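Structural description and commentary
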Amino acid sequence: MQLVDSHVHIHHSFDSLSFQVDLDEVAAAWRQAGVVHLVHSCVQPSEFAAMQAVADRFSEVSFAVGLHPEDMDQWTPDLAETIHRLALSDHRVVAIGETGLDFYKGDDQSRQIEAFRAQLSIAYKLDLPVIIHCREASAAVRDVIQSFIQEHGPVRGVMHCWTGTPEETQWFLDLGFYISFSGIVTFKSAKQVQASAQMVGCDRILVETDCPFLSPAPKRKEKRNQPANVRHIAEFVANLRGVSLEVLAAQTTANARTLFKLPDASFATASVN
């Protein structure tokens, strides 16, 4: 059985959440759990070299480049050029992002939209998917994507760590996007997320940890989430959907390979658990 963790942050040094000391052991754990590929998302372009260093150590890691909507203090039009250049600089870049909109605390909505549109444009020009962060902003994200498609053409991507209602989920399915579920789907209170996980088609669903954050229910006592825990998320989603773990793993792995155009090597050489 093979799994893809479609969204990780494993180079960060978040104090007790850091992987810097024991990353080899963490990698051994994800391999034991059947994780054969990981997509390392980007919060700031300044992380690029650190993500490259992780991918140098672990051939099953691909990564993205972009600017998170919570980091708009760094946004300038010149940064778009930097993101574009970095995306072209390494064949292991498989996406732009994470980008998107976060209106939970942000009072810079127009600036977020400007940066989001710029990153959609980069993804479109480079034929790369976008990794979209969306918090308290589903309608605005939908409107920006719809407007971009009308003006330029189709863009593909994934709604990462999805927490939207079934109605909102359908908006993005209609736009051709994939939907990725994190440990949040395992929380008892996450009824609308669970309903969304049941309705997504088998050709559009992904799983992720968003580690080191959001440990799934079976590991909630462990403050630091890790890629191996994507197996717990996949098991939970499989039960929700009334399929076996093996079926859900095969579906989400195939979807990740399609969306991110992942290399064949890690899948061919991975051991089957």
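Cut-off values and rules
- Residues numbered from 1 in each chain as written.
- Predicted model: local features only at pLDDT ≥ 70, side-chain atom pairs only at ≥ 80, totals over all residues.
- Heavy atoms only, no water.
- Salt bridge = Lys/Arg side-chain N within 4 Å of Asp/Glu carboxyl O.
- Helix = DSSP H or I, 4+ residues; strand = E, 2+ residues; numbered from the N terminus.
- Buried < 20%, exposed > 50% of the residue type's maximum accessible area, 1.4 Å probe, protein only.
- 1 Å grid on protein atoms, 1.4 Å probe; cavity = no way out; pocket = protein on both sides within 12 Å on 5 of 7 lines; lining within 4 Å.
- Points joined across faces, edges and corners; volume = space filled by probe spheres on them.
- Nonpolar A, V, L, I, M, F, W, Y, C, P; charged D, E, K, R; others polar.
- Pairing = 2+ DSSP bridges.
- Phe/Tyr/Trp six-rings, centres within 6.5 Å; stacked < 30°, edge-to-face > 60°.
- Axes fitted to C-alpha atoms, helices over the stretch in contact; angles between N-to-C directions.
- Parallel < 35°, antiparallel > 145°, perpendicular 65-115°, else oblique.
- Left-handed = near helix turned anticlockwise from the far one by under 90°.
- Contact = heavy atoms within 4.5 Å.

Focus on the pattern of salt bridges
Evaluation of the coordinates by the stated rule reveals 10 salt bridges. Across the pair Arg156 and Asp127 runs a salt bridge whose closest N-O atoms are separated by 3.6 Å. Here Arg156, found in the loop between helix H5 (138-151) and strand E6 (157-159), pairs with Asp127, found in the loop between helix H4 (109-126) and strand E5 (130-135); they are 29 residues apart in sequence, far enough to count as distant. Take Arg156: its relative accessible area is 22%, and that puts it in the partly exposed class. A salt bridge links Glu222 to Lys219, with the shortest nitrogen-to-oxygen separation between them at 3.6 Å. Residue Glu222 is classed as partly exposed on the basis of its relative accessible area of 34%. The partly exposed category is assigned to Lys219, whose relative accessible area is 25%. One network of salt bridges, with partners in common, ties together Asp56, Asp90 and Arg92.

Description of the layout of surface pockets
Estimates place the volume of the largest pocket at around 630 Å³. When contributions to the lining of the largest pocket are tallied by element, the ones reaching two or more residues are strand E4 (93-102), E5 and helix H7 (191-199). Residues belonging to the lining of the largest pocket are distributed by class as follows: 11 nonpolar, 10 polar and 7 charged.

Brief notes about the pairing of strand E1 (residues 3-8)
For a regular strand, the rule is simple: side chains alternate between the two faces of the sheet. Buried residues dominate E1, accounting for 6 of its 6 residues. Note that E1 and strand E2 (residues 35-40) share 4 bridges and pair parallel. Considered in E2, the bridge of Leu3 is made with Val35.

Digging into the packing of aromatic side chains
Evaluated as defined, the whole model comprises 4 aromatic pairs. A ring pair is formed by Phe48 and Phe63, whose centres lie 5.5 Å apart and whose planes are at 75°; its orientation type is edge-to-face. Here Phe63 lies in strand E3 (residues 61-65) and Phe48 lies in helix H2 (residues 48-57), a separation of 15 residues in the sequence. Between Trp162 and Phe172 the ring centres are 5.4 Å apart and the planes differ by 75°, which places this aromatic pair in the edge-to-face class. One end of the pair, Trp162, is in the loop between E6 and helix H6 (166-174); the other, Phe172, is in helix H6, and 10 residues separate them in sequence. Residue Phe172 is classed as buried on the basis of its relative accessible area of 0%.

A closer look at the packing of H5 against H6
Interaxial distance between H5 and H6 falls to 11 Å at its minimum, and their mutual angle equals 15°. The pairing of H5 with H6 is recorded here as roughly parallel in orientation. Classified by chirality, the crossing of H6 by H5 is left-handed. Residue-level inspection shows Ser138, Ala139, Val141, Arg142 and Ile145 of H5 in contact with H6, the latter providing Glu168, Trp171 and Phe172. Grouping the amino acids of the contact of H5 with H6 by side-chain chemistry returns 5 nonpolar, 1 polar and 2 charged.

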